[in-house]
Amino acid sequence: MNYQLERVDCESDEYGFVRNQLIAYNLKNVDASYDFINFIVKNESQKIIGGLLSRRFGEGIFVEMLWVDEGSRKLGLGSRLLEEIEQAGRHQNVKLIYLDTFSFQAPDFYKKHGFEVFGTLEDFPVQGCTKYFLKKTL
């Protein structure tokens, strides 16, 4: 069998195709729903200063990314985004929210909001850093 291997950008149609194929396979094998739950925060100039990107599969939500612009941190925007995803999860009977973060990002922020560490990768992505996996039961 001959094949061609290519690297693709996450904005490409090919990326979307592969993602959709895996989602379809998962839904064929698990009786659960799948959707994306995303929020953004804009300032008075309509500039995006924060956001939360997540996907729900069955009774769990994976927070893929939570970001707040450095100049807008300490205003409670990250907390507000977490509150919104929790509220959305409760409305959809979600039992668990989970995510990952690095030691140089926000593990203490998530712990402050009731998330607990259930796993770590030491010295990742480089020596001296840790990747934390956290979860919160709703």
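The structure we're discussing is the one just above.
Rules used throughout
Residues numbered from 1 in each chain as written. Predicted model: local features only at pLDDT ≥ 70, side-chain atom pairs only at ≥ 80, totals over all residues. Heavy atoms only, no water. Salt bridge = Lys/Arg side-chain N within 4 Å of Asp/Glu carboxyl O. Helix = DSSP H or I, 4+ residues; strand = E, 2+ residues; numbered from the N terminus. Buried < 20%, exposed > 50% of the residue type's maximum accessible area, 1.4 Å probe, protein only. Contact = heavy atoms within 4.5 Å. Polar contact = N/O pair within 3.5 Å; in protein donor to acceptor, adjacent residues only side chain to side chain. Pairing = 2+ DSSP bridges. Axes fitted to C-alpha atoms, helices over the stretch in contact; angles between N-to-C directions.

A. Examining the pattern of salt bridges more closely. Under the definition given, this model contains seven salt bridges. With its nearest N and O atoms 3.1 Å apart, the salt bridge here joins Arg-80 to Glu-84. With a gap of four residues between them, Arg-80 and Glu-84 both fall in helix α2 (residues 77-91), about one helical turn apart. Since its relative accessible area comes to 48%, Arg-80 is described here as partly exposed. When its relative accessible area of 21% is taken as the criterion, Glu-84 is described as partly exposed. One salt-bridge network, in which partners are shared between bridges, spans Arg-19, Arg-55 and Glu-64.

B. Representation of the environment of Ser-54 in the model. Turning to its location among the elements, Ser-54 is positioned in strand β2 (residues 48-57). The spatial distance from the C-alpha of Ser-54 to the C-alpha of Leu-138 is 16 Å, given a sequence separation of 84 residues. With near-sequence residues (within four places) excluded, Ser-54 lies in contact with Asp-35, Phe-36, Ile-37, Asn-38, Ile-61, Phe-62, Val-63, Glu-64 and Ile-85. For Ser-54, the side chain forms a polar contact with the main-chain oxygen of Ile-37, separated by 2.5 Å.

C. Looking closely at the sheet that holds strand β6 (residues 130-137). Pairing in this open sheet of six strands is mixed, and the strands run β1-β2-β3-β4-β6-β5 from one edge to the other. Each end of this open sheet is capped by a strand with a single partner; those strands are β1 (34-42) and β5 (116-122). Within this sheet the neighbouring strands show an average axis-to-axis angle of 20 degrees, counted without direction. The sheet contact formed by β2 and strand β3 (residues 60-68) spans eight bridges and is antiparallel. Across the sheet, Gly-51 pairs through a bridge with Trp-67, a residue of β3. Helix α1 (residues 13-29) rests against β1, β2 and β3 of the sheet, and its axis sits at about 130 degrees to β1.

Geometric values such as these leave the question of function open.
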